[in-house]
Amino acid sequence: MLPAMNTVEAEEEYAEDCPELVPIETNKQEEENLDFIVKIPVTIITGYLGAGKTTLLNYILTEQHNRKIAVILNEFGEGSAVEKSLSISQGGELYEEWLELRNGCLCCSVKDNGLRAIENLMQKKGKFDYILLETTGLADPGAVASMFWVDAELGSDIYLDGIITVVDSKYGLKHLTEEKPDGLVNEATRQVALADMILINKTDLVSEEELNKLAATIRSINGLGKILETQRSRVHLSNILDLHAYDTLTGISLQKKLQHVPTAPHLDQSIVTVTFEVPGSAKEESLNVFIQNLLWEKNIQNKDGHCMEVIRLKGLVSIKDKPQQMILQGIHELYELEESLVSWKDDAERSSQLVFIGKNLDKDILKELFLSAVVETEELRTAPGKDQVCPSH
Ligand SMILES: Nc1nc2c(ncn2[C@@H]2O[C@H](COP(=O)(O)OP(=O)(O)OP(=O)(O)O)[C@@H](O)[C@H]2O)c(=O)[nH]1
Ligand SMILES: [Zn+2]
């Protein structure tokens with residue numbers, strides 16, 4: 001986490017890359033002329049304490065990117081999105097510090113009220129065209145990502161582009177295998193589970209063997225995200241910016257991605273990726289019931305009677321009577337089913353491909369339940385007895 005930008009430390013930290021920090025001057029005229037709507041991508045940078053998030057930010061800012069990037073350093077992500085928006089609408093005190101870097105980039109340090117800071121940021125949007133958001137090392141990026149989703153529904157001008165998770169080569173495995181009380185999923189694992197891109201950083205500190213072990217563990221948790229090994233978080237910017245990981249328009253690229261989800265060996269990780277393909281078209285209502293039981297009611301159990309907990313969900317789905325391929329996206333309890341630009345060919349066999357990342361997932365059960373959403377006549381066999389209530393995490 002970067003310290004507040006007005007400290008001497010911060011100036012020293014930035015001295016190398018951004019020699020002069022100039023306090024922001026807002027130009028009223030400019031702000032008033034900003035009626036045009038250009039959607040601004042936001043990339044969430046997460047990762048456990050000390051993994052190399054700030055190093056990555058500094059690197060991105062100083063690389064030749066030809067963009068005006070706004071950086072937000074936040075301490076939200078703890079607590080739910082709903083709680084946060086409530087506290088904001090009640091007009092809570094806001095702490096933020098703004099500084100404009102010489103290359104046109106902005107830096108903002110935010111305590112707590114993240115959404116409000118981003119709203120303020122939006123008013124200055126003529127001044128930048130990309131947002132990078134560093135979460136704290138213990139944040140659940142799902143909460144932060146959900147916030148942007150909710151916000152997008154409300155007509156916001158920002159969209160979630162992707163989640164980058166930085167993992168420390170030396171301590172990553174330890175963090176990922178750390179047991180939390182009550183069988184809760186630890187933060188490091190959640191961060192990996194939600195990542196669209198995983199940077200295994202500080203590879204200079206470990207042997208090839210250790211690195212392979214860590215990579216295999218990460219792969220078994222998240223079969224969907226891309227993995228890169230880095231030193232000093234150095235990575236070609238095309239790997240981390242403009243991923244469009246949540247766009248509904250990228251049906252084709254999603255299809256490609258889904259085809260390459262590896263069936264990783266089970267390494268006794270609490271979080272795993274499961275994927276399957278089912279022929280035919282699902283009824284939209286049935287699919288919604290299935291997804292809602294899984295994400296909202298959380299009443300779908302595995303063979304051992306443990307409730308399934310989905311952290312991330314992606315799918316390319318065929319819905320009955322819809323000519324377009326549909327994209328299904330989910331983070332924790334939020335999900336979205338939207339048309340892609342790609343239409344099914346008239347004579348093509350339709351099918352749906354789904355990927356779930358989460359805890360206690362059982363592929364056979366999920367597949368069977370999805371199948372019953374596909375087969376119209378069959379009763380949905382989702383809900384177990386009312387007394388079987390799964391604890392929320
Ligand atoms: N040896 C080594 N050290 C690195 C590498 N990348 C970053 N570091 C160092 O690791 C320390 C932590 O890096 P940060 O970028 O501050 O990590 P962070 O994830 O932002 O940390 P928090 O915000 O405190 O959670 C710093 O001292 C970095 O210089 C690397 O590839 N190799
Ligand atoms: Zn940091």
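Reading the values: rules and limits
- Residues numbered from 1 in each chain as written.
- Chains lettered and ligands numbered in written order.
- Predicted model: local features only at pLDDT ≥ 70, side-chain atom pairs only at ≥ 80, totals over all residues.
- Heavy atoms only, no water.
- Helix = DSSP H or I, 4+ residues; strand = E, 2+ residues; numbered from the N terminus.
- Buried < 20%, exposed > 50% of the residue type's maximum accessible area, 1.4 Å probe, protein only.
- Areas by Shrake-Rupley, 256 points an atom, 1.4 Å probe, with all protein chains shown as cover.
- Pairing = 2+ DSSP bridges.
- UniProt positions renumbered as here; feature names shortened; annotations may be inferred.
- Axes fitted to C-alpha atoms, helices over the stretch in contact; angles between N-to-C directions.
- Contact = heavy atoms within 4.5 Å.
- Expected span 1.5 Å × (residues − 1).
- Core = buried A, V, L, I, M, F, W, Y, C linked by side-chain atoms within 4.5 Å.
- Phe/Tyr/Trp six-rings, centres within 6.5 Å; stacked < 30°, edge-to-face > 60°.
- Salt bridge = Lys/Arg side-chain N within 4 Å of Asp/Glu carboxyl O.
- Parallel < 35°, antiparallel > 145°, perpendicular 65-115°, else oblique.
- Left-handed = near helix turned anticlockwise from the far one by under 90°.

A.B. asks: So what about the overall build of the protein chain? Which residues, and what values?
C.D. replies: Secondary structure summary: the protein chain contains 12 helices and 14 strands in total. Looking at the 393 residues of the protein chain, the share that counts as buried comes to 54%. Roughly 18400 Å² of accessible area belongs to the protein chain as shown, and the carbon and sulfur atoms make up 47% of that amount.

A.B. asks: I'd like a rundown of unusual backbone geometry, residues and numbers included.
C.D. replies: In this structure, Lys298 takes a positive phi of about 50 degrees despite not being glycine. With respect to the helices, strands and loops of the structure, Lys298 is situated in the loop between α11 (284–297) and β11 (309–317). For Asn360, which is not glycine, the phi torsion reads 55 degrees and is therefore positive. Using a relative accessible area of 23% as the deciding quantity, one classes Asn360 as partly exposed.

A.B. asks: Give a detailed account of the pairing of strand β2 (residues 40–47), specifying residues and quantitative values.
C.D. replies: Most of β2 sits out of view: eight of its eight residues are buried. Taking every second residue as pointing to the same face, both faces of β2 are buried, with Ile40, Val42, Ile44 and Thr46 on one and Pro41, Thr43, Ile45 and Gly47 on the other. Of the strand pairs in this sheet, β2 and strand β6 (residues 130–134) are connected by four bridges, and their pairing is parallel. Within β6, the residue paired with Ile44 across the bridge is Leu133.

A.B. asks: Would you mind going over the UniProt feature "domain: CobW C-terminal" (unreviewed entry) in the protein chain in detail, with residue names and values included?
C.D. replies: Mapped onto the present numbering, the UniProt feature "domain: CobW C-terminal" (unreviewed entry) falls on residues 271–374. Helix makes up 25% of residues 271–374 and strand 43%. Its end C-alpha atoms lie 27 Å apart.

A.B. asks: Could you give an account of the sheet that holds β11, naming the residues involved and the relevant values?
C.D. replies: Strands sit in the order β10-β14-β11-β12-β13 across an open sheet of five strands; the sheet is antiparallel. Of all the strands in the sheet, the pair left with one neighbour each is β10 (271–279) and β13 (334–343). Averaged over neighbouring strand pairs, the angle between their axes works out to 15 degrees when direction is ignored. Pairing of β10 with strand β14 (residues 351–359), which is carried by nine bridges, proceeds in the antiparallel orientation. In the strand pairing of β14, Thr275 is matched with Val355. Set on the sheet, α11 makes contact with β11, β12 (324–331), β13 and β14; between it and β13 the angle comes to about 145 degrees. The strands touched by helix α12 (residues 363–374) within the sheet are β10, β11 and β14, with β10 carrying the most contacts at an inclination of about 35 degrees.

A.B. asks: Now, about α12: what can you tell me, with residues and values included?
C.D. replies: Compared with an ideal rise of 1.5 Å per residue, which puts 12 residues at 16 Å, α12 spans 16 Å between its outermost C-alpha atoms and is within 8% of the ideal. Where α12 is concerned, the buried positions are Ile365, Leu366, Leu369, Phe370, Ser372, Ala373 and Val374. On its buried side, α12 packs onto β10, α11, β11 and β14.

A.B. asks: How would you summarise the nonpolar core if you had to cite specific residues and measurements?
C.D. replies: Counting residues in hydrophobic clusters, the biggest one holds 40 residues, and the most contacted among them are Phe148, Leu160 and Ile218. Per element, the largest residue contribution to this core is five residues, and it comes from helix α9 (residues 208–221). Formed by 28 residues, the second largest nonpolar core is a distinct cluster that contains Val272, Val310, Tyr335 and Leu354.

A.B. asks: Just give me the short version of the packing of aromatic side chains, but keep the residues and values in it.
C.D. replies: The final tally for this structure, using the stated rule, is five aromatic pairs. Geometrically, the ring pair formed by Phe290 and Phe370 is edge-to-face, given 6.0 Å between the ring centres and 70 degrees between the ring planes. With Phe290 in helix α11 and Phe370 in helix α12, this residue pair connects regions lying 80 residues apart in the sequence. In terms of burial, Phe290 and Phe370 fall into one category: buried. The rings of Phe276, Phe290, Phe356 and Phe370 are connected pair by pair, giving a single aromatic cluster.

A.B. asks: Just give me the short version of the pattern of salt bridges, but keep the residues and values in it.
C.D. replies: Applying the stated rule across the entire model yields 10 salt bridges. A salt bridge links Asp364 to Lys303; the shortest N-O distance between them is 3.6 Å. With Asp364 in helix α12 and Lys303 in the loop between α11 and β11, this pair connects stretches of sequence that are 61 residues apart. Residue classification places Lys303 among the exposed positions, given a relative accessible area of 59%. Shared partners join several salt bridges into a network, and the residues in it are Lys303, Asp362 and Asp364.

A.B. asks: Lay out the packing of α11 against α12 with the relevant residues and their values.
C.D. replies: Close contact between α11 and α12 brings their axes to 8 Å; oriented N to C, the two are set at 150 degrees. As judged from the angle between their axes, α11 and α12 are roughly antiparallel. Considering only the axes of α11 and α12, their crossing is right-handed. Packed against α11, whose contacting residues are Ser286, Leu287, Phe290 and Leu294, the element α12 presents Leu366, Leu369, Phe370 and Ala373 at the interface.

A.B. asks: Please give an account of the pairing of β12 that cites residues and values.
C.D. replies: Working note: regular strand, side chains alternate between the two faces of the sheet. Of all eight residues in β12, seven are buried, a share of seventy percent or more. Bridging between β11 and β12 involves six bridges; their strand directions are antiparallel. Within β12, the residue paired with Leu316 across the bridge is Ile327. In textbook terms, the turn of a hairpin is the stretch between consecutive antiparallel strands, and for β11 and β12 this stretch comprises six residues, one of which, Asp321, has a positive phi near 70 degrees. Pairing of β12 with β13 involves seven bridges; the strand directions are antiparallel.

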